[in-house]
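Now for the letters of each chain:
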Amino acid sequence: QVQAQVAGAAATKPGYWAAPGGGGNGWGRWRYSATPTKRTTQRSAALVRTRVEPKTFFANERTFLSWLQVAVIIMLLAFALLEGAAFQEGHGGLASAARVAGALMGPVAVGFMVYALVVYRARTLQILRREAVRYDDQVGPVLMVVALASCCGAAYGITLALALTRPA
């Protein structure tokens, strides 16, 4: 008799439906859409509730363009170091140090561009699918900064070593 009362109370409450294995009394909680007769899964209920605004796509595009801007600046710096070394031919090893620094920064800039494109495409697909995921990247920016810092550190080290070994 107690179980019949619990079952009757659960059946009259909105949002409760008979679900096998849903609980000790055979009743479980189901998510449902606007009509209480339609059962839905948690993912499809999230799809119904989620509305993607156009500003989300624009924010993703702005982030992509921001990463590309950084990549272009790094690439221009690499080109300047490679080209500027041609005007310093009479200064000994410093010209070769500038060339090495430019040669190290070029691939880092290309890495920034590839990273920006991959993340942009992945986030666009996540937004279109309305996936409930984290849109921030914990690893990518850290790796890019480490690559750029190591490149700059190596260029500084080479330049400093050549400047200290050069006769005054």
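Rules used in this analysis
Residues numbered from 1 in each chain as written. Predicted model: local features only at pLDDT ≥ 70, side-chain atom pairs only at ≥ 80, totals over all residues. Heavy atoms only, no water. Helix = DSSP H or I, 4+ residues; strand = E, 2+ residues; numbered from the N terminus. Buried < 20%, exposed > 50% of the residue type's maximum accessible area, 1.4 Å probe, protein only. Contact = heavy atoms within 4.5 Å. Salt bridge = Lys/Arg side-chain N within 4 Å of Asp/Glu carboxyl O. Core = buried A, V, L, I, M, F, W, Y, C linked by side-chain atoms within 4.5 Å. Phe/Tyr/Trp six-rings, centres within 6.5 Å; stacked < 30°, edge-to-face > 60°. 1 Å grid on protein atoms, 1.4 Å probe; cavity = no way out; pocket = protein on both sides within 12 Å on 5 of 7 lines; lining within 4 Å. Points joined across faces, edges and corners; volume = space filled by probe spheres on them. Nonpolar A, V, L, I, M, F, W, Y, C, P; charged D, E, K, R; others polar. Disulfide = S-S within 2.5 Å. pLDDT = per-residue confidence, 0-100.

## Remarks on the overall build of the protein chain
- Counting secondary structure elements, the protein chain contains 5 helices and 2 strands.
- Each helix and strand of the protein chain, ordered N terminal to C terminal, gives the series α-β-β-α-α-α-α.
- Each of the 168 residues in the protein chain was classed as buried or not, and the buried ones make up 21%.
- Across the protein chain, every contact between residues at least 6 apart in sequence was considered, and the portion connecting residues at least 24 apart equals 53%.

## Concerning the pattern of salt bridges
- With the rule as written, the count across this model stands at 2 salt bridges.
- As a salt-bridge pair, Glu131 and Arg129 come within 3.3 Å of each other at their nearest N and O atoms.
- Judged by its relative accessible area of 21%, Glu131 falls in the partly exposed class.

## Concerning the nonpolar core
- Ala71, Ile74, Met75, Ala78, Met105, Val108, Ala109, Phe112, Tyr115, Val119, Met144 and Cys151 together form the largest nonpolar core, which totals 12 residues.
- Put simply, the parts of the chain that give this core at least two residues each are helix H3 (54–84), helix H4 (94–129) and helix H5 (140–165).
- For this core, the element with the highest residue contribution is H4, accounting for 6 residues.
- Beyond its immediate stretch of four places on either side in the chain, Phe112 contacts Trp67, Val70, Ala71, Ile74, Met144 and Leu148.

## So, the packing of aromatic side chains
- Under the defined criterion, the tally for this structure stands at 3 aromatic pairs.
- Arranged with centres 5.6 Å apart and planes meeting at 45°, the rings of Trp67 and Phe112 form a pair that is tilted. With Trp67 in helix H3 and Phe112 in helix H4, the pair connects residues that are 45 residues apart, well separated along the chain.
- Judged by relative accessible area, Trp67 falls into the partly exposed class, the value being 22%.
- Through successive ring pairs, a cluster of aromatic residues spans Trp67, Phe112 and Tyr115.

## Considering empty space enclosed by the protein
- A full pass over the atoms with the stated rule returns 1 cavity of 30 Å³ or more.
- In terms of lining residues, the largest cavity is bounded by Asn60, Thr63, Phe64, Trp67, Ala116, Val119, Tyr120 and Arg123.
- Elements supplying a minimum of two residues to the lining of the largest cavity: H3 and H4.
- Considered class by class, the residues forming the lining of the largest cavity number 5 nonpolar, 2 polar and 1 charged.

## Examining the state of the cysteines
- Taken as a whole, this structure holds 0 disulfides when the rule is applied.
- Here Cys152 is not cross-linked by a disulfide; its sulfur's nearest cysteine counterpart is in Cys151, at 5.3 Å.

## Overview of the side chain of Arg123
- Along the chain, Arg123 falls in helix H4.
- Beyond its immediate chain neighbours, meaning those up to four positions away, Arg123 contacts Asn60, Thr63, Tyr135, Asp136 and Asp137.

## Points about the confidence of the model for the protein chain
- Chain-level pLDDT for the protein chain is 76 on average; 63% of the residues reach the 70-or-more range.
- The secondary structure element of the protein chain with the lowest average pLDDT is strand E1 (residues 16–18), at 45, and the one with the highest is H3, at 92.
- Taken as a whole, residues 2–37 scores under 50 in pLDDT and shows 41 contacts with residues more than four places along the chain or in a different chain.

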